[in-house]
Every structure is written in structure tokens, then in C-alpha cells.
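Geometric and topological summary
Below are the chains, spelled out letter by letter.
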Amino acid sequence: RRSPARRRSRSRSRSSPKRRPSARRASPSKSPAAEKRLPTALAAPPADPGEIRFEIVDGVTKMNGALSWRCEVYFPRPQQADWHGSRQGTISIRGPSRLEKEDAERDGEKLMDAAIKGGMQEARKLQRSLNNLAMQDAAKKEDGGRR
């Protein structure tokens, strides 16, 4: 003997009509205008050295409770349109977290030099290498210098 068929509630049956699988929309992609804008911040000419600055901020607290510091270098955001006198934004590039404040200050000075010489693109390259070096140093310390 068959059990009675389940009924759907009326509210569900009246919801949107069934869609065909082929009618699905493709995932949204970046507009051509957005793709053109992305590299402009990196490709922009070097900013005026007087407008680039860095400061030392608190880094991520380590698992053992040790405090750390990191540098943040601030660039003026490249002008893309007239925003009717609104304040120009900034872009921040952060260095790796360091256990010694002096190491974070050295990172900031290096990033500032790179930014002045080659703009944001050079500062980003240096940021990647500093982060890689910091990870390698941390791995060496964990291994007791066996690497």
C-alpha cells in the first residue's frame, strides 16, 4: 500500500517559476572599466616624497603573548576623477609583524626608500620580499636554526 503523496504548501508552489539550468546567469565578472582602473594605482608615477609617510603600529600579538610591531607606509591615492574638493584618500602598505620595534622601523625606512625611487609598484615588490624573509626567519627560529 502506498503512502499518500506529500503536498507542498501553496506559498511555495506560487514562488518564482522554475528556471532552466541553461538560463542561469554566469558569475559576475569585473567590468572592463574596473579592470582598466586596477593597475593605475600601481602604475601611477611616484608620488611626491613629501606625501609618502610611514608609522609604526601594533602588530599581531603572538600565541605566547609577545607583542609585535609593523610599519605602515601611506601613499596618496592617485586621482581618478574630480570629486569636487573631497579629501584625497590614502593607500597603506604594511610590513611584516616584528618582535623588535627597531626591525619594524628598518622595514618602514626600506619601504619609504623603495616608494620614493620606484613608486607604489616597487614598494609592493619590497613588501613581498620582506614578508617572505620574515616567514623564513620565523621558520629558522622554530627549527632552532637547523635550516
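An account of the accompanying structure is given in this report. Keep in mind that this is a model prediction, so the values were computed, not measured. (Residues numbered from 1 in each chain as written. Predicted model: local features only at pLDDT ≥ 70, side-chain atom pairs only at ≥ 80, totals over all residues. Heavy atoms only, no water.)

**Notes on the layout of surface pockets**
- Empty space within the largest pocket amounts to approximately 440 Å³.
- In terms of lining residues, the largest pocket is bounded by 14 residues, among which Ser-97, Leu-99, Ala-134, Ala-138 and Lys-141 are the most central.
- Class assignment for the residues of the lining of the largest pocket results in five nonpolar, two polar and seven charged. (1 Å grid on protein atoms, 1.4 Å probe; cavity = no way out; pocket = protein on both sides within 12 Å on 5 of 7 lines; lining within 4 Å. Points joined across faces, edges and corners; volume = space filled by probe spheres on them. Nonpolar A, V, L, I, M, F, W, Y, C, P; charged D, E, K, R; others polar.)

**Here's the deal with the pairing of strand β2 (residues 69–76)**
- Most of β2 sits inside the fold, with seven of its eight residues counted as buried.
- Pairing geometry for strand β1 (residues 53–58) and β2, over six bridges, is antiparallel. In the strand pairing of β2, Phe-54 is matched with Val-73.
- Note: β2 against strand β3 (residues 90–94), five bridges, orientation antiparallel. Following the sheet pairing, Val-73 is matched in β3 by Ile-93. (Buried < 20%, exposed > 50% of the residue type's maximum accessible area, 1.4 Å probe, protein only. Helix = DSSP H or I, 4+ residues; strand = E, 2+ residues; numbered from the N terminus. Pairing = 2+ DSSP bridges.)

**Side note on the sheet that holds β3**
- Strand order in the open sheet formed by three strands is β1-β2-β3, with antiparallel pairing between adjacent strands. On the outer flanks of this sheet lie β1 and β3, each paired with one strand and no other. Averaged over all pairs of adjacent strands, the angle between their axes in this sheet comes to 30°, without regard to strand direction.
- Together, β1, β2 and β3 form the strand contacts of helix α3 (residues 101–142), whose direction differs from that of β2 by roughly 30°. (Axes fitted to C-alpha atoms, helices over the stretch in contact; angles between N-to-C directions. Contact = heavy atoms within 4.5 Å.)

**Observations concerning the nonpolar core**
- Counting residues in hydrophobic clusters, the biggest one holds 12 residues: Ile-52, Cys-71, Val-73, Phe-75, Ile-91, Ile-93, Leu-111, Met-112, Ala-115, Met-120, Ala-123 and Leu-130.
- Here the element with the most residues in this core is α3; it accounts for six residues. (Core = buried A, V, L, I, M, F, W, Y, C linked by side-chain atoms within 4.5 Å.)

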